[in-house]
Each structure stands twice: as C-alpha cells, then as structure tokens.
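Next come the chains, spelled out residue by residue.
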Amino acid sequence: MLGWQICLWPVSRRFRSNIDRTAAEHGALFPARPNTYNQGMPLLLFFLACTGSLFLLSGCTDSSSLPPMAEGEEVVVVTRNMPTTYYFEGDRASGFEYGLIRAFAREYNMPVRIKVAFSLPELFEMLASGEAHLAAAGLSQSAGRDAQFVASNPYLYQQPLVVYKSGALRPRSLDALAGRDIVVVAGSVHVETLSALQQDLPELTWREIHAADSLELMQLVTDEKADLAIVDSIEFSIQQQLLPRVVAAMEIGESSPNVWYLPQDERSEASLELVNQFIARATEQGQIAQLEREHFGRWEYASRVGSLIFQRKMRDDLPQWQPMLEQVAEEYQMDWRLLAAMAYQESHWNPNARSHTGVRGMMMLTGATASELGVEDRTDALQSLRGGARFFKNLLRRLPSDIEEPDRTFLALAAYNIGMGHLEDARILTERAGGDPHLWPDVRAHLPKLQNPNHFPMTKFGFAQGEQAVSYVDNIRHYEGLLSFQNLPESRISPPIQVDALLPDHLRRAELPIL
C-alpha cells in the first residue's frame, strides 16, 4: 500500500500530494497521516535545484489522463480536509463525505485514491484538468458550477447563514450588511449570492479568503478581524463547537443542494449514471441518513455554553487525566474519547464527586454497583474508571445482538444512566408507537414517556427520568465530538509547498528538464 505518492513536475508547477492509495482491498480507504512531507521537502527541493535538475520519482503517473470510471477500477476523488468532509481522528480518517465515498467505492468494488485540494478554486481546477473522476467535498450546487461541470443528484441540503461574534452588532436585514467587513470562502457559491445582492445594494462589499472551508472565516470573526462571515448551515453547526463565540445572525439566500461534481467530457454520462444510481440506493436504503446521524447528529442538541465550558475544562483539567483515560480505554477496548466524555458527564473529571443519591467518584457508581464490579474505593480515579468501563461493556453485551453501531453505543449509554430495565420499557413503547426499537433516534423520542403519568404506569419497571437519560446521551455525544476535534487545527493537512518560494531568483526563472 502506498500511503503517499509525490510527483515532481517542472518548477513552475505546484506540488500536489495523493493520499489514500489502496491496492490491497477494493472499496476500502487506508488514510496515511501526512506528518513529515512538508518538513523534509524543502531540503530535498533545494538539493535537487542546486544540482540543476529534478528527478521523477518512481510510481508517479500523469493524472490528467485518467481511465474512465468503471466498476472494479480505481476511482480518484478530490475533496477538502475539513470537519464535515474528510479529517483525521488520531490516525483514523473520518467525515461525512469520506463515509459516503467509501460506501460508493464498496458498492462498485473500486479501489480509491483521494486527493486533497486546499481551496475551492484548486479543487475545481483539478477536476477540470482531469486529475479526478469526481469531487466530493460538501459542494453546493449553483448555476455557475453547473455551466462548467456535471452535477449529481442532491444528497443533502444546506442553508447559507450570516454569522457574527456574540456581543457584537447583529445584522437583522440585508441592508444592514452594507458597510460591514464581510468574509467568504473564495470560489464559494456565496460569492455568487453576494454579487447578485450587490445589484440592489451597491454599498455591499466583501473579502474572499482563500481557504478550504469556513473554519478560517469563523476564526477571523472570533478574533475580530472581520465583522461577519457567510457560511453553510451544516459547516456552521459543527464548527461552532470549536468556535462557540460565533453565532448565527440570519439566513441569506435560498437553501442549496449538496452534490458531487464530475468533469464535462464524453465519459461523464456513464460516470454520472453510476453515481446517481448509488445516491438513489443509498437514500432509499437509509445509508445517507445513517451517515448524517453518525457525523452530524451529535451536534443537533449541543449547547453553545456547554461547548465553552467543556473547552476550558479540556484545556485546564484533561491533561491530568488523559493518560489514565487512555490506559483504561485500551484495557477495555473502548475509544478513550467516549470514556472521557462519560466521565466528564458523570463528574466533570472529579474523583471526589458525590450526589445526594449516594453515587460517588469519577464515574459516579452506586455502592451496590461498585461492589459487583470489584471497586473497593469509589473515589480512586483508576478504580472508578475501570468499574465504569466494565459496567458499560456489560451493558453493550446485554443488548440484542441485531442492534448495530452507533445506535448500540447510544442505547447502552442510556441504560448506564437509567438502567437496562427502563431502557427496555422505552424500546417497547417505541415499538408500540410504530418506531424502530433498534434505532437511537426513535427510542430517544419515546424515553420521556417514562416520566409521563399517561404512560409509565403501563410499563414493567415504572417511572424513570427519561428526559434526563436523553440529555445524558446527547451531552456525551457532544463532548466526544469535541474531543475528536481537539487537535483538528494542528492535524489538518498542510497546503502543498510553493516551489518557487524555495529557489534563488536565477533558478526560479530557469526551465529545468525532467529526466
């Protein structure tokens, strides 16, 4: 498997890197973290430039002449490195678009090669020049893009938003945008929206920021280096967790569909048919809805204030406990972020925490549960974490075997909070109401009935704080997501090196041959 392929072109051309080349397993993606490429490349380039020539590295091919997209053949996809599309959780790739690409590749038994673009203009340039079969990057459909590329059927919809920093002057109408320092992502459909508005509002101006996504725009607003930004609703819902001081002011323009784009050529019709058939099946079979729940659902009930407080606790308190959390999670084959989120929800990482109900410790165990789990001292953080992890894993095993992830984890979390008996009551109520007792969103909707006098008398285990269990799971999903994004700014893939900037003037102007 090749983690990286780096092709050296004439000096006037920009270096690009290819990520995720898989040769061993069709339809699977094995991302390689780009840790050392940008650090070592300047020395390599300087050495090669000083010798007067650039050597072509083995394994590189001219990607501008890709074979047609076909079942069983490699598919090359260009995307963006951002929280809503494609990013790394540690050494594991994640993201909604990543999951959708993987499902598409498996559907047609295709090996996958992913390329990362560092701006929207670069992404569409790569697509136009034939360097990728398709672009899957959370792209909004627009008339301007449709004139140059072929759009798939929609699979998501987003609403453009005007955002500002909480406490600053909030715009409440389109007229209020005039005279404000507005930033947008260069090449985004928001540039088209603002250009149309400018016809009726000549005083409207904006700055285009060359960035992969709106995270940099929101950082500018947070740092008060811009008044307002135009972002898409899905990106905002996630990235607000990282920058919670940025809030939505109002909607702007119409809701727009998200699509994949393909090059306009003689092969586009056959390629488009494969893509649209997959999107239709994935929609009908619930794959896209499942990916939405997995990647976006955790933010649906997130609290902005909760994000602010949790980020402070991550900075101040988590370093003390993270090694222990990672140790226990490894012992019980859990994601340490999930265990950390549970411990924070239970005690705010306080090993001496206690409540009026008698539960104590980092994982707030009852005396009886602690005895069953062999926990001698509930205020000992290591014992408490091990006991809580063991108890959670037992709940996972006790659930029906046909409940799949991630719903299995969410249901086990609810059982951790209110008990397996009450969870089973809620699942029965869900089924009686026509819902699916295997899906967390359906059970979540019926858990509050356990404290409703019209319903709980008819259940086996009676009254329970169903609303509390819902909040419990929602909060843990929120905290786990924030922990997943903990190092996102540092771990984002670095833009490719501009070779010209590394060379002396006399070499920068030279035309060097490829040998």
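Remember, it's a predicted structure, so these values are computed and weren't measured experimentally.

Caption draft 1: Representation of the side chain of Arg408 in the model. Mapped onto the fold, Arg408 is located in helix α15 (residues 407-418). A distance of 3.0 Å separates a polar side-chain atom of Arg408 from the backbone oxygen of Ile403. Beyond its immediate sequence surroundings of up to four residues, Arg408 is in contact with Leu396, Arg397, Leu399, Pro400, Ser401 and Ile403.

Caption draft 2: Summary view of the packing of α15 against helix α16 (residues 420-432). One can describe the packing of α15 onto α16 by two numbers: an axis separation of 7 Å at closest approach and a directional angle of 125°. Judged by the angle between their axes, α15 and α16 are oblique. Every residue of α16 that contacts α15 at Leu411, Ala414, Ala415 and Ile418 is listed here: Met420, His422 and Leu423.

Caption draft 3: Inspection of the pattern of salt bridges at higher detail. Across all of its chains, the model carries 13 salt bridges by this definition. With a closest N to O distance of 3.2 Å, Glu224 and Lys165 form a salt bridge. Note that Glu224 is positioned in the loop between α6 (215-222) and β13 (228-232) and Lys165 in strand β10 (residues 160-165), a separation of 59 residues in sequence. On the basis of relative accessibility, which here comes to 61%, the residue Glu224 falls in the exposed class. According to the relative accessible area criterion, Lys165 is buried, its value standing at 19%. Put simply, Arg427 and Glu424 hold a salt bridge, and the shortest N to O gap is 3.1 Å.

Caption draft 4: Molecular detail of α6. Across the eight residues that make up α6, a large majority, six, are buried. Within the span of α6, buried status applies to Leu215, Leu217, Met218, Leu220, Val221 and Thr222. Contact partners of the buried residues in α6: β10, β11 (182-185), β12 (207-209), β13, α7 (233-239) and β14 (246-251). Remark: Glu224 follows α6 within two positions and exhibits a positive phi of approximately 60°.

Caption draft 5: Main features of unusual backbone geometry. Omega for the peptide link from Glu405 to Pro406 comes to 0°, which places this bond in the cis form. In this structure, Pro406 sits in the loop between α14 (381-398) and α15. One non-glycine residue, Glu224, adopts positive backbone phi at about 60°. The residue Met364 is not glycine, and still its phi comes out positive at about 50°.

Caption draft 6: A look at the nonpolar core. Counting residues in hydrophobic clusters, the biggest one holds 74 residues, and the most contacted among them are Met69, Phe104, Leu134, Trp260 and Phe278. Among the elements that line this core, the one with the most residues is helix α2 (residues 96-107), at seven residues. Setting aside its immediate chain neighbours within four residues, Phe104 contacts Met69, Val75, Met110, Leu134, Trp260, Leu274, Val275 and Phe278. Membership of the second largest hydrophobic core comes to 57 residues, among which are Met314, Leu318, Ile476 and Tyr479.

Caption draft 7: Local environment of the pairing of strand β6 (residues 112-117). In terms of burial, β6 is a largely internal element, six of the six residues being buried. What you see with β6 is no split at all: Val112, Ile114 and Val116 on one side and Arg113, Lys115 and Ala117 on the other are buried throughout. Taken together, the six bridges between strand β3 (residues 75-80) and β6 define a ladder with parallel strand orientation. Each residue of the ladder has a partner; that of Val78, found in β6, is Lys115.

Caption draft 8: Here's a closer look at helix α11 (residues 318-331). Between its first and last C-alpha, α11 extends 19 Å over 14 residues, near the 20 Å set by a 1.5 Å rise per residue. Residues of α11 that are buried include every one of Leu318, Trp321, Leu325, Val328 and Ala329, and no others. On its buried side, α11 packs onto α10 (304-316), α12 (336-347), α14 and α18 (466-484). Taken from the residues just after α11, Gln333 is the one with a positive phi, measuring 55°.

Caption draft 9: Representation of the environment of Leu339 in the model. Considering the arrangement of structural elements, one finds Leu339 in helix α12. In this structure the C-alpha to C-alpha distance between Leu339 and Glu480, which are 141 residues apart in sequence, comes to 8.5 Å. Every residue in contact with Leu339, bar those within four places of it in the chain, is listed here: Leu325, Val328, Ala329, Met334, Met363, Leu385 and Ala389.

Rules used throughout
Along each chain, residues carry numbers from 1 onward, in the same order as the chain's sequence is written. Predicted model: local features are reported for residues with pLDDT of at least 70 only, side-chain atom pairs are reported and counted for 80 or more only, and whole-chain, interface and lining totals are derived from all residues. Each side-chain value is worked out from all heavy atoms of the structure, with water and hydrogens disregarded. Only DSSP runs of H or I covering at least 4 residues are called helices, and only runs of E covering at least 2 are called strands; the numbering of each starts at the N terminus. Pairs of N or O atoms within 3.5 Å make up the polar contacts considered here, provided that, within protein, one atom can donate a hydrogen while the other can accept it, and that residues adjacent in sequence are counted only when both atoms are side-chain atoms. Contacts between residues were defined by any pair of non-hydrogen atoms, one from each residue, lying within 4.5 Å. Lines fitted to C-alpha atoms define the axes, with helix axes restricted to the stretch in contact, and inter-axis angles between N-to-C directions lie between 0 and 180 degrees. Throughout this description, any angle smaller than 35 degrees is read as roughly parallel, any larger than 145 degrees as roughly antiparallel, any in the 65 to 115 degree range as roughly perpendicular, and the remainder as oblique. A pair is scored as a salt bridge if a Lys or Arg side-chain nitrogen falls within 4 Å of a carboxyl oxygen belonging to Asp or Glu. Relative accessibility decides the category of a residue: with a 1.4 Å probe and only protein chains considered, values under 20% of the type maximum give buried, values over 50% give exposed, and everything between is partly exposed. Working definition of a nonpolar core: buried Ala, Val, Leu, Ile, Met, Phe, Trp, Tyr and Cys residues. They are joined through side-chain atoms within 4.5 Å. DSSP calls a pair of strands paired once it identifies at least 2 bridges connecting them. The length a helix should cover is 1.5 Å for every residue beyond the first.

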